[in-house]
Number of protein chains: 2
Amino acid sequence: MHLPHLLAVARGDEPADLLLTNARLVNVLSGEVYKTGIAIAGGRIAGLGEDRPARRTIDLDKRFVAPGLIDAHVHIESSLVTPPEFARAVVPRGVTTVVTDPHEIGNVLGLPGIRFMLESSEGLPLDVLVNAPSCVPASRLETSGARLEAEDLQTLLDHPRLLGLAEVMDYPGVIGGDPGVLAKLRAFAGRPVDGHCPGLQGRELDAYAAAGIGSDHECVTADEARAKLRAGLTVFLREASGARNLLDLLPAVSALTERRLCLCTDDRLPEDLLEEGSIDHLVRFAIRGGVDPVTAFRMATLNPAEHYGLSDRGAVAPGRRADLIVFSNLSAPRAEMVFRAGELVAEEGVLVAPLPARGAAGLPRSVRIDTSRLEFAIPATAGRVRVIGAVPDQLVTESLVLPATVRDGFAVADPSRDLLKMAVIERHHASGDLGLGFIRGVGLERGAIAGTVAHDHHNLVVVGADDRSMRTAALAVAEAGGGQAVAVGGEVVSLLPLPIAGLMSDRPIEEVARRARELRDAARQLGSRLREPFMALSFFALEVIPALKLTDQGLVDVERMRIVGLFVD
Amino acid sequence: MHLPHLLAVARGDEPADLLLTNARLVNVLSGEVYKTGIAIAGGRIAGLGEDRPARRTIDLDKRFVAPGLIDAHVHIESSLVTPPEFARAVVPRGVTTVVTDPHEIGNVLGLPGIRFMLESSEGLPLDVLVNAPSCVPASRLETSGARLEAEDLQTLLDHPRLLGLAEVMDYPGVIGGDPGVLAKLRAFAGRPVDGHCPGLQGRELDAYAAAGIGSDHECVTADEARAKLRAGLTVFLREASGARNLLDLLPAVSALTERRLCLCTDDRLPEDLLEEGSIDHLVRFAIRGGVDPVTAFRMATLNPAEHYGLSDRGAVAPGRRADLIVFSNLSAPRAEMVFRAGELVAEEGVLVAPLPARGAAGLPRSVRIDTSRLEFAIPATAGRVRVIGAVPDQLVTESLVLPATVRDGFAVADPSRDLLKMAVIERHHASGDLGLGFIRGVGLERGAIAGTVAHDHHNLVVVGADDRSMRTAALAVAEAGGGQAVAVGGEVVSLLPLPIAGLMSDRPIEEVARRARELRDAARQLGSRLREPFMALSFFALEVIPALKLTDQGLVDVERMRIVGLFVD
């Protein structure tokens, strides 16, 4: 951007590249909505006002203009598509900047995975700013594909789109002053450091904040949000596919608190992105919930910009980037035009900017399994087993103890009792490590489901009614280089290949959404009562969320953070 | 600060250095006022809550606690004392951080003057953060003691207390894209750049903001403030000794605008600092004017901290510096205790922290005048003269044309017509340059007043009823190495020496305030009707404020920005 030219356009001495006339501007800086023109030069706002020389003029006919939306925290991998396809979904929604944590691919592929996300988000009509994943792996009770220490993360610091440190989930490590965790905080001193501290309060919350953690996006009640605001954290209000917290959090939004609040999507499935939307959905949701539109926009524009020190965006004012959305209804904003750095990039819900290819050249195959050692049989050594109790629409599970169903000396799945077998197969190093257990609540009457999206280690997780179906589903996923599958007996009923790190497809997002729907329907036809069986599957192996989980290392008692035996005397 | 220890205190595993119990905290982050304890360790807030182990406890008996106050913009030189004496006045008022622009001493002594302000503010119980003066000299129509270009200012950047670039007063230079001005902006890219743009609006305001200027403190009406908020400037609401704008600006303070507003004092005389106060006065003023106390405190704590990116202060929250004030009345806060980095530095209005000496060792004598060329006689070459029309309580003047009083072929002062003679004597380089003119509105019936505080060049300005008194006053000031004086005939009636750059005294602030009062009274006894004759005197020579001013180069027509003749045909 050439400042003398921008100044000449601001003065009116040279014509603007583009003048939007007859706009109603949502000015998040002054808190007003008023009629004005907007002059753009060299990708930036040159000035406001109607009567200005311009090479091109668009009469907005009293439509509204707001700054481009900013997603304060999102894992792009959760959309099951690559950054270009993610951009194709969210940019037409008005999202022009996302702050992403490539935590999932980082756990699978380490630094090369993070660099892939940086490279594949180059040249998009979306600014993808990256926070370095702070917790790879999530704990010592799992086998992930990589381990990232402070010195590894530091190698990312010179990338121009590397912002800070992503959600520090190891809050016990922060609070306890773990040297490895503190080394990461030191490595990112002076940069934004985001947090993740579900339910933390009192002295522990104080310690977490005192360490310099700047935000949290795990609040589930307004009181929790208020306590975290008091402690100095910026609170990100989340509405993810699997964690729908916004409604419960809206009571925490007030004139006095709004400046310390941002909106974030965290994890959104492709279908939700296409049907509900991204941050635009949260803005509409907040307004419908009674939040003043200017405040709703602030939480999605100015506030995340200020939180991350992005003074070049987040508002429509002279000198800032011309990231803009145009819409007709202030009570339910839906982008009709989206400008990014002054260029029209989407119109009527469709991306009009060119996209680079979504290929994944150079990424290694990430699924390495010794199929000769895939053995799911469980010799019965006692009469009762620990069983994971799935809870609908929750990431937490119950820890149950139930009588085993024993046949020929083996503990087996028993669909008649809603007792399914579960396996977690280490898939990064072909170590042959395999955790086995039982789960209740998934509800399959026959067949099996399997997938390589399994937070945070992303090993291959299988749940099934019989060993043969489990083996078929697991092999289908392995042969696809990662993905999600439904199988019955020897037949693969449905398959979504996710060849990029076993997390993302190389196909268009509409196709991925359709296949994901087919998968879900196939699992439901086999009897599953879960709304999103594969979303649920991806959290059954996450050993940092209570109460009983299964990793490739075995059953984890999360409260005591240790491996426990399957059989109980 | 040792983080593991801070965390241990936050957890309650180790005792705090100090626990304030029974406090009512003004939490500027959450917008609430509530009862809590505050634990301090290593100069930082470790945590909140009453029940914590501590080596020392102070029961605040329900008194209020707020963050230490921040003055967003102040010229310390205007208090006529050195930084240590300034600290002795403002710290007991609750001010723990000031952002200062050493513009006055910079105009007199250049970089050595700025370094003197940095060095003499070392080790104070007050954080003196410095913005580099951007406009030395203020214009080409004056002779200042120094000229600072971008490359000069850059040499300051490695100082740990150098924040950014101070008020860019040359707004025509910014708007017009003057290469020297843009070079200064480039030199401070990524750092705060403060503005100064009285009355600027429309396209010119857009251009000024587009250049990256971040603030303005010259608003005089609420509408002007709103327009500047719209353009993206942070607005500093000012209440200086000579520019009392806060009352007029309060209507611009609302729930939607408050986050973009800060309070600043700009220039305060020693008497005002001692009697009214500093930023604490503005906080009380705002609350009395109907502003919610939390909002008033935000404008004096969190907002300036955010504006300048000072994430270590501005709020009472874990990890931030323990800069605190304790007071009893939320409607009229008056600091009873002041803590700075956890240490009690003032109590009941008195500084209890040690102060370094206020000496000015190493600074050169700044008043260099060739007294042999001090000639005030004006040969009359026409019948009418241009006359500066002083306006009470305003920095602007009128441009008058009046008949000269001619005696023996010379145009002379004529107190009977309120027509006084004025001289501006170049005092930096002993060049002998001298501007002569006439002024109406000062009202002296006899004698003369003189001073070396004269924005922005700080040449020696004299106004008098006769040449002999003028010479006596000027010589008294010159012999004192700078200062302010009142003389009648050959007698010096009152003198305030300001030997440090001709701007500051080396004496205690109480003594300076007393002498300044004596000076003012002496000027009034000679007939001056001005409320603050020496404050007024210091602006009669400021050629960047309309309409007619006198510099050492001659009479300046400010509207046309050129030198004009004294006599008019």
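Just above, that's the structure.
The structure presented is a predicted model; accordingly, all values stated were derived computationally and were not measured.

**Considering the overall build of chain A**
Alright, step 1. Scanning chain A from terminus to terminus reveals 17 helices and 31 strands.
Alright, step 2. A globule of 569 residues ought to have a C-alpha radius of gyration of about 25 Å, and chain A, at 25 Å, matches this closely.
Alright, step 3. Considering only C-alpha atoms, chain A reaches an extent of 90 × 50 × 45 Å along its principal axes.
Alright, step 4. Counting all 569 residues of chain A, 66% fall into the buried class.
Alright, step 5. In chain A, once contacts between residues fewer than 6 apart in sequence are set aside, the share between residues at least 24 apart is 69%.
Alright, step 6. Positive and negative side-chain charges in chain A, numbering 60 and 75 respectively, have mean positions lying 1 Å apart.

**Some thoughts on the environment of serine 366 of chain B**
All names here are of chain B.
Alright, step 1. With respect to the secondary-structure elements, serine 366 resides in the loop between strand E17 (350-351) and strand E18 (384-390).
Alright, step 2. For the pair serine 366 and leucine 182, spaced 184 residues apart in the sequence, the C-alpha separation amounts to 30 Å.
Alright, step 3. Of the polar contacts made by the side chain of serine 366, one reaches the backbone oxygen of alanine 501; its length is 3.4 Å.
Alright, step 4. At a separation of 3.4 Å, a polar atom in the side chain of serine 366 contacts the main-chain amide nitrogen of glycine 502.

**Remarks on helix H7 (residues 179-187) of chain B**
Note: α-helices contain 3.6 residues per turn, so residues at a spacing of three or four share the same orientation.
Alright, step 1. Within H7 of chain B the residues assigned to the buried category are Val181, Leu182, Lys184, Leu185 and Ala187 of chain B.
Alright, step 2. On its buried face, H7 of chain B sits against helix H1 (3-11) of chain A together with helix H5 (150-154), strand E9 (162-168), helix H6 (171-176) and strand E10 (193-195) of chain B.

**So, the pattern of salt bridges**
Residue and element names in this part refer to chain A.
Alright, step 1. Following the criterion strictly, the structure yields 84 salt bridges over all chains and no others.
Alright, step 2. Between arginine 529 and aspartate 418 there is a salt bridge; the shortest N-O distance is 3.1 Å. One end of the pair, arginine 529, is in the loop between helix H16 (509-525) and helix H17 (533-537); the other, aspartate 418, is in the loop between strand E21 (410-411) and strand E22 (420-425), and 111 residues separate them in sequence.
Alright, step 3. When its relative accessible area of 12% is taken as the criterion, aspartate 418 is described as buried.

**Concerning the interface of chain A and chain B**
Alright, step 1. Between chain A and chain B, the residue contacts involve 50 residues of the former and 50 residues of the latter.
Alright, step 2. Overall, the association of chain A and chain B removes approximately 4,100 Å² of surface from exposure, summing both partners, and the carbon and sulfur fraction of that is 52%.
Alright, step 3. Looking only at chain A, the three residues that lose the most surface to chain B are Arg203, Arg230 and Arg259 of chain A, adding up to 20% of its buried area.
Alright, step 4. Linking chain A with chain B are 10 salt bridges.
Alright, step 5. A salt bridge links glutamate 32 of chain A to arginine 230 of chain B, with the nearest nitrogen and oxygen atoms 2.8 Å apart.

**Focus: the relation of the copies chain A and chain B**
Alright, step 1. For the pair chain A and chain B, the superposition axis carries a translation of 0.1 Å, the fit reaches an RMSD of 0.1 Å, and the rotation angle comes to 180°. Taken together, the turn and the small shift mark the pair as related by a two-fold rotation axis. Closest to the rotation axis within chain A is the C-alpha of alanine 255 of chain A, separated from it by 2.9 Å.
Alright, step 2. Of the interface residues in chain A, 100% have counterparts in chain B that sit at the interface too, so the contact is made through matching surfaces.

**Focus on the environment of aspartate 127 of chain B**
Residues and elements named next belong to chain B.
Alright, step 1. Relative to the elements of secondary structure, aspartate 127 occurs in strand E8 (residues 127-132).
Alright, step 2. For aspartate 127, a relative accessible area of 10% corresponds to the buried category.
Alright, step 3. Separated by 62 residues in the primary sequence, aspartate 127 and valine 65 place their C-alpha atoms 19 Å from one another.
Alright, step 4. Sequence-distant contacts of aspartate 127, that is, excluding residues within four places in its chain, are made with Thr96, Thr97, Val98, Arg313, Arg321 and Arg340.

**Some thoughts on the sheet that holds strand E8 (residues 127-132) of chain A**
Residues and elements named next belong to chain A.
Alright, step 1. One open sheet accounts for five strands, arranged E6-E7-E8-E9-E10; its pairing is parallel. Since the sheet does not close on itself, it has two edges, and those belong to strand E6 (69-74) and strand E10 (193-195), each with one partner. The sheet shows a mean angle of 25° between the axes of neighbouring strands, direction not considered.

**Notes on the pairing of strand E2 (residues 32-41) of chain A**
In regular strands, side chains alternate between the two faces of the sheet.
All names here are of chain A.
Alright, step 1. Within E2, seven of the 10 residues are buried, which leaves the element mostly enclosed by the surrounding structure.
Alright, step 2. In this sheet, E2 lies alongside strand E1 (residues 18-27) in antiparallel orientation, the contact comprising eight bridges. Within E2, the position partnered with leucine 19 by the bridge is alanine 39.
Alright, step 3. The hairpin turn running from E1 into E2, its antiparallel successor, is four residues long, and glycine 31 in that turn takes a positive phi close to 80°.
Alright, step 4. With four bridges connecting them, E2 and strand E3 (residues 44-48) associate as antiparallel partners. Residue isoleucine 40 lies in a different strand from E3, and its bridge partner there is isoleucine 45.

**Brief notes about the sheet that holds strand E12 (residues 234-238) of chain B**
All names here are of chain B.
Alright, step 1. Overall, parallel pairing links the three strands, which are arranged E11-E12-E13 in an open sheet. Both outer strands of the open sheet, strand E11 (215-216) and strand E13 (261-264), are each paired with one neighbouring strand and no more.
Alright, step 2. The pairing of E11 with E12 spans two bridges and is classified as parallel. When the sheet's bridge partners are listed, aspartate 216 is paired in E12 with valine 235.
Alright, step 3. Against the sheet, helix H12 (residues 279-288) contacts E12 and E13, and its axis sits at roughly 125° relative to E13.
Alright, step 4. On the sheet, helix H13 (residues 293-300) packs against E12 and E13 and is oriented at approximately 70° with respect to E13.

**What to know about the packing of aromatic side chains**
Alright, step 1. For the structure on display, the rule yields six aromatic pairs over all chains.
Alright, step 2. Taken together, a centroid distance of 6.3 Å and an interplanar angle of 55° make the contact between phenylalanine 236 of chain A and tyrosine 308 of chain A tilted. Separated by 72 residues along the polypeptide, phenylalanine 236 of chain A in strand E12 (residues 234-238) and tyrosine 308 of chain A in the loop between helix H14 (302-307) and strand E14 (324-327) bring together distant segments of the chain. Assigned by exposure class, phenylalanine 236 of chain A and tyrosine 308 of chain A land together as buried.
Alright, step 3. With 5.5 Å between their ring centres and 20° between their planes, phenylalanine 64 of chain B and phenylalanine 327 of chain B make a pair best called stacked. Residue phenylalanine 64 of chain B is located in strand E5 (residues 64-67), and its partner phenylalanine 327 of chain B is located in strand E14 (residues 324-327); the two are separated by 263 residues in the primary sequence.
Alright, step 4. Since its relative accessible area comes to 6%, phenylalanine 64 of chain B is described here as buried.
Alright, step 5. What links up through ring pairs into an aromatic cluster is the set Phe64, Phe297 and Phe327 of chain A.
Alright, step 6. Sitting over the ring of tyrosine 34 of chain B, arginine 230 of chain A keeps its end group 3.5 Å from the ring centre.

**Focus: the side chain of asparagine 245 of chain A**
Alright, step 1. Residue placement: asparagine 245 of chain A occurs in the loop between E12 and helix H10 (246-249).
Alright, step 2. For asparagine 245 of chain A, a relative accessible area of 8% translates into the label buried.

**Some points on helix H2 (residues 83-90) of chain A**
Alright, step 1. The element H2 of chain A is largely enclosed, with a buried count of seven among its eight residues.
Alright, step 2. In this structure, the buried residues of H2 of chain A make contact with E6, strand E7 (95-100), helix H4 (111-120), helix H11 (270-275), strand E17 (350-351) and H16 of chain A.

**Describing the packing of H12 of chain B against H13 of chain B**
Residues and elements named next belong to chain B.
Alright, step 1. Remark: H12 packs on H13, axes separated minimally by 9 Å, with the N-to-C direction vectors making an angle of 150°. The angle between H12 and H13 places the two elements in the roughly antiparallel class. Remark: the crossing between H12 and H13 carries right-handed chirality. Contact with H12, carried on its side by Ile279, Val283, Ala286 and Ile287, involves Pro293, Ala296, Phe297 and Ala300 of H13 and no other residues of that element.

Here is what the cut-offs are and how they apply
Residues numbered from 1 in each chain as written. Chains lettered and ligands numbered in written order. Predicted model: local features only at pLDDT ≥ 70, side-chain atom pairs only at ≥ 80, totals over all residues. Heavy atoms only, no water. Helix = DSSP H or I, 4+ residues; strand = E, 2+ residues; numbered from the N terminus. Rg over C-alpha atoms; globule rule 2.2 N^0.38 Å. Buried < 20%, exposed > 50% of the residue type's maximum accessible area, 1.4 Å probe, protein only. Contact = heavy atoms within 4.5 Å. Lys, Arg positive; Asp, Glu negative; His and termini not counted. Charge placed at Lys NZ, Arg CZ, Asp CG, Glu CD. Polar contact = N/O pair within 3.5 Å; in protein donor to acceptor, adjacent residues only side chain to side chain. Salt bridge = Lys/Arg side-chain N within 4 Å of Asp/Glu carboxyl O. Buried area = accessible area lost by both parts, 1.4 Å probe. Least-squares fit on C-alpha atoms with pLDDT ≥ 70 in both. Pairing = 2+ DSSP bridges. Axes fitted to C-alpha atoms, helices over the stretch in contact; angles between N-to-C directions. Phe/Tyr/Trp six-rings, centres within 6.5 Å; stacked < 30°, edge-to-face > 60°. Lys NZ or Arg CZ within 6 Å of the ring centre and 35° of its normal. Parallel < 35°, antiparallel > 145°, perpendicular 65-115°, else oblique. Left-handed = near helix turned anticlockwise from the far one by under 90°.

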